[in-house]
Structures are given as C-alpha cells and as structure tokens.
2 protein chains.
Amino acid sequence: MTATAKNAEITVNGVNVTEVIDLVSAIEASPELAQSQYRLTNRWIDRGHSQSRITEFFSGGKIHNHLQEFVLDADVPAPLAGTDFAATPGEHLLNALAACITTTVVYYAALHGIEIRSLQASVEGDLDLRGFLSLSDNVRSGFEDVRLNLVIDADEEDLEKLESFIPISPMLDTVRRGTQVEIVVERQTRDS
Amino acid sequence: MTATAKNAEITVNGVNVTEVIDLVSAIEASPELAQSQYRLTNRWIDRGHSQSRITEFFSGGKIHNHLQEFVLDADVPAPLAGTDFAATPGEHLLNALAACITTTVVYYAALHGIEIRSLQASVEGDLDLRGFLSLSDNVRSGFEDVRLNLVIDADEEDLEKLESFIPISPMLDTVRRGTQVEIVVERQTRDS
C-alpha cells in the first residue's frame, strides 16, 4: 500500500489517512493483528422472513462492540410466496458487494491522495429459479452472473488508477473466488 | 422437488405450499419464467459509508416493484478508520448467507410437510487484513473461512432431511462456488 501522506493528520474523501497508515504500520510490526472476524446471529421469524443481529467483531487482537446493534431483516417477495417485508438474501449479497467495492475504491483513493467527488454503482445479479427449485441438474441455484456498473466523478487522469483498486475489494474477492463455508446442524434441546 | 401437498391450500412453517407448487408447475410448463434478476443502486455517502436502494426485481417474465423501497447502509468500524454507522460489507454478506440458508430450509421443510418450531444460526467469517491492505501476496483479501452453526427445533427424525436442504441455498452456492462479476467503470460527465 502506497500512501501520499506521512505523519501529518491528513483526510481525503473523509478518510483519515493517518489512521489507516498507523493501522498498516501496526500490522507490519505485528502481523497477528491482521486477524479479523465478523459475526452475527440470525433467527427465523416466519415464512421467508429472518432477522440478523450484529453486536461485536474481532479486530486488532480484541473483541469490539459496535457503537450500536445492527439489525438486518431479510424476506422473500410475493411472487415467491413471501411477504416482501425486507430485501431478499440475494439483494443483501449484492449490497455487500457494491458497498465493499465502493469503500475499497474510496479508501485506496484516499491513500493515494485522489479526491473522489461522487461514486455510484448499479448492480444486477441473474438467477435461474430452476436451480433453487431443483428442476434441473444443469442449473446452479446461486447467481449465474453479476454485473456492476460504477460511475465515478473524479479527475480523468485518476480513472485508471481508481479502476485498479476494485479487485482488492474483500467481498468481491469472496464472491469471485468463492469461500469455504463449514456448516454444523444441531437439534435444539428443550428444557421443558 | 417433492411436495406433500397437492391442490388443497396448505400452509406449513407459514409458507403457502400451494403457491410454491403453482410456481413450480408454471416454471415446468414455461422454463423461461425461471429467469430472475435482483438489482440495486449504491451511492457513496462519505468516508466508508455507502447506501443501497432496492426498488424492483425481475421475476416470472416481468419487473415487480417491492412493496416498499428497501434502504441498506454499510460502513466501516472505528478500528478501520470508519464511523461505525452501519454494518460492514462483510457482515452484510454473512447476513445474506444466513438468511438464505434459513429460508431455504424453511421452504423445503414446508414442501416436505416438516414443521420447524424454531431455527437460529450463528455465523463467523475470518478475514486477514493483510489481504485488503496489500501487505502480503499470499493472503487473499476476502473471507478465508466461514462457519455457520444452525440450531433447529424440529422432530428428531426430520433432522437429517432438513440438513440435506442446506446446500440448495442460492447464496450458499454463490459463496461456495463463486460467481463471475463483470465490472464496468465510467467517468461521470457533468452538465455544468
């Protein structure tokens, strides 16, 4: 990671570059501080509706509480026999992707001293329901293709550099390359 | 997809099984109705904070409006130089995963006439920040490992069957196998 700012308290794109450089230095000195973990619990409410609660995360060798608890609902729309109370799991994943790419570009731009005036993304993900409904062995259940269009207001000479930051995005890497997911199922034991 | 209900209006786990069976029949008759698309727009607000808006989706051959617009914020916590205004992109992705697995199990259970009394998941995702910070070529930026623990209150004899539904989850399939993401970057052209 190259940075244009050293020592002085510098803010670009709202990002405190000095803080990020301090984080980089701390991890270079003690690589174990790079280990991070995100966590949540999810509870089925009814029908296709579930709710996640996020209170803490592990970063820099310790558990931190978020400033507040975040509650995320997911549901299924009416054509899929749901109540459309909240965004679908697929939309939540596209949001994770868009938000992560945006943040990555904005942070790296800040570290390179590149000002971004505005950044917007539109994302589309294609699904073939024959996968989820087990109607075809040749159709996967997940997204077959995702397309993201990023519109950036920045100086023209910075555009190529900004584009080069995109593949660093952690959630883009997660979705493009895939990640192992280990699952354990337990039966609820009831006291009464 | 096997179903225990035919013709009659049957509801299991809050899911209208008849509606789902009608959907399956419609797609069997006209496979092109299976093509679906989720969409959203995301806008950078400041620093690590961005906001997605979700208004419509494509399903069954036409565009549907959601019953309301869904707004999803994402941000970065304080140790990563953010303001911790909302859940991180990584937490949003874990939510997509947990919600999708929950919904998949509940829907398939309904279609098999299996009653679920409660279902909760806890999810953890490990990240090594040396990836995002470009401090090591051997460390990926995305999740290295995700673990999900599912606690189900259902009859003991149904547990194995319920477990078999998990891999069908579209977002689990997306994350485990990965998905291509095409990205186009445009420079904002300004009128004034």
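Residues numbered from 1 in each chain as written. Chains lettered and ligands numbered in written order. Predicted model: local features only at pLDDT ≥ 70, side-chain atom pairs only at ≥ 80, totals over all residues. Heavy atoms only, no water.

1. Brief notes about the interface of chain A and chain B
When the parts of a complex come together, some accessible area is lost, and that lost area is often taken as the interface size.
Moving on, step 1. The partner chain B presents 133 residues to the 133 residues of chain A that form the contact.
Moving on, step 2. Both sides of the chain A and chain B interface together cover about 12,400 Å² of buried area, and 58% of this is carbon and sulfur.
Moving on, step 3. When the area that chain A buries against chain B is broken down by residue, the three leading residues are A:Y38, A:W44 and A:R187, summing to 7%.
Moving on, step 4. Joining chain A to chain B, the criterion identifies 4 salt bridges.
Moving on, step 5. For A:D173, the salt bridge is made with B:R140, and the minimal N-O distance between the two is 2.7 Å.
Moving on, step 6. It is helix α2 (residues 89–111) of chain A that provides the largest number of residues to the side of chain A that touches chain B, a total of 19 residues.
Moving on, step 7. For the side of chain A that touches chain B, the per-class residue count stands at 65 nonpolar, 39 polar and 29 charged.
Moving on, step 8. Summarising the sheet, strand β6 (residues 118–128) of chain A and strand β3 (residues 35–46) of chain B pair through 9 bridges and their orientation is antiparallel. Paired with A:A121 across the strands is B:N42, a residue of β3(B). (Contact = heavy atoms within 4.5 Å. Buried area = accessible area lost by both parts, 1.4 Å probe. Salt bridge = Lys/Arg side-chain N within 4 Å of Asp/Glu carboxyl O. Helix = DSSP H or I, 4+ residues; strand = E, 2+ residues; numbered from the N terminus. Nonpolar A, V, L, I, M, F, W, Y, C, P; charged D, E, K, R; others polar. Pairing = 2+ DSSP bridges.)

2. Notes on the state of the cysteines
Moving on, step 1. In this structure the tally under the stated criterion is 0 disulfides over all chains.
Moving on, step 2. Summary of cysteine pairing: B:C100 is not part of a disulfide, and the nearest cysteine sulfur, belonging to A:C100, is at 20 Å.
Moving on, step 3. Overall, B:C100 belongs to the buried group, its relative accessible area being 6%. (Disulfide = S-S within 2.5 Å. Buried < 20%, exposed > 50% of the residue type's maximum accessible area, 1.4 Å probe, protein only.)

3. Focus on the confidence of the model for chain A
Moving on, step 1. The share of residues in chain A with pLDDT of 70 or more is 95%, and the mean pLDDT across the chain is 94.
Moving on, step 2. Model confidence for the complex is summarised by a pTM of 0.95, with the ipTM given as 0.95. (pLDDT = per-residue confidence, 0-100.)

4. Digging into the sheet that holds strand β5 (residues 62–74) of chain A
Moving on, step 1. Overall, mixed pairing links the 6 strands, which are arranged β5(A)-β4(A)-β3(A)-β6(B)-β7(B)-β8(A) in an open sheet. Of all strands in the sheet, those with a lone pairing partner are β5 and β8 (181–187) of chain A, marking the two edges. Ignoring strand direction, the axes of neighbouring strands in this sheet form an average angle of 15°.
Moving on, step 2. With respect to the sheet, helix α2 (residues 89–111) of chain B is in contact with β3 (35–46), β4 (49–59), β5 and β8 of chain A together with β6 (118–128) and β7 (145–153) of chain B, its orientation differing from that of β3(A) by roughly 35°. (Axes fitted to C-alpha atoms, helices over the stretch in contact; angles between N-to-C directions.)

5. Concerning the relation of the copies chain A and chain B
Moving on, step 1. Expressed as a screw operation, the relation of chain A to chain B combines 0.0 Å of axial shift with a rotation of 180°, fitting to an RMSD of 0.0 Å. Such a combination of turn and shift is consistent with a two-fold rotation axis. Taking the C-alpha atom as reference, chain A places A:G178 closest to the rotation axis, 1.9 Å from it.
Moving on, step 2. Mapped onto chain B, 100% of the interface residues of chain A are again interface residues, and the two copies thus contact each other with one and the same surface. (Least-squares fit on C-alpha atoms with pLDDT ≥ 70 in both.)

6. Points about the pairing of β7(B)
Moving on, step 1. With respect to burial, β7(B) is a largely interior element, 7 of its 9 residues being buried.
Moving on, step 2. By the bridge criterion, 7 bridges tie β8(A) to β7(B) in an arrangement that is parallel. Paired with A:R187 across the two strands is B:I152, which belongs to β7(B).
Moving on, step 3. Pairing of β6(B) with β7(B) involves 9 bridges; the strand directions are antiparallel. Each bridged residue has a counterpart across the sheet, and for B:A121 the counterpart in β7(B) is B:L150.

7. Details of the packing of aromatic side chains
Moving on, step 1. The final tally for this structure, using the stated rule, is 6 aromatic pairs over all chains.
Moving on, step 2. Arranged with centres 6.4 Å apart and planes meeting at 35°, the rings of A:Y38 and A:F57 form a pair that is tilted. Here A:Y38, found in strand β3, pairs with A:F57, found in strand β4; they are 19 residues apart in sequence, far enough to count as distant.
Moving on, step 3. Residue class for A:F57 comes out buried when judged on its relative accessible area of 2%.
Moving on, step 4. Centroid distance A:Y108 to A:F165: 5.4 Å. Interplanar angle 35°. Geometry classified as tilted. Remark: A:F165 occurs in helix α4 (residues 159–165) and A:Y108 occurs in helix α2; sequence separation between them is 57 residues.
Moving on, step 5. A relative accessible area of 3% places A:Y108 in the buried class.
Moving on, step 6. Through a chain of ring-to-ring contacts, three or more aromatic side chains come together here, namely A:Y108, A:F165 and B:F132. (Phe/Tyr/Trp six-rings, centres within 6.5 Å; stacked < 30°, edge-to-face > 60°.)

8. Description of the packing of α2(A) against helix α5 (residues 170–177) of chain B
Moving on, step 1. Relative orientation of the contacting elements α2(A) and α5(B) amounts to 35°, with a least axis distance of 9 Å. Contacts from A:P89, A:G90 and A:L93 in α2(A) reach B:M171, B:T174 and B:V175 in α5(B).
Moving on, step 2. Of the residues assigned to the contact of α2(A) with α5(B), the class counts are 4 nonpolar, 2 polar and no charged.

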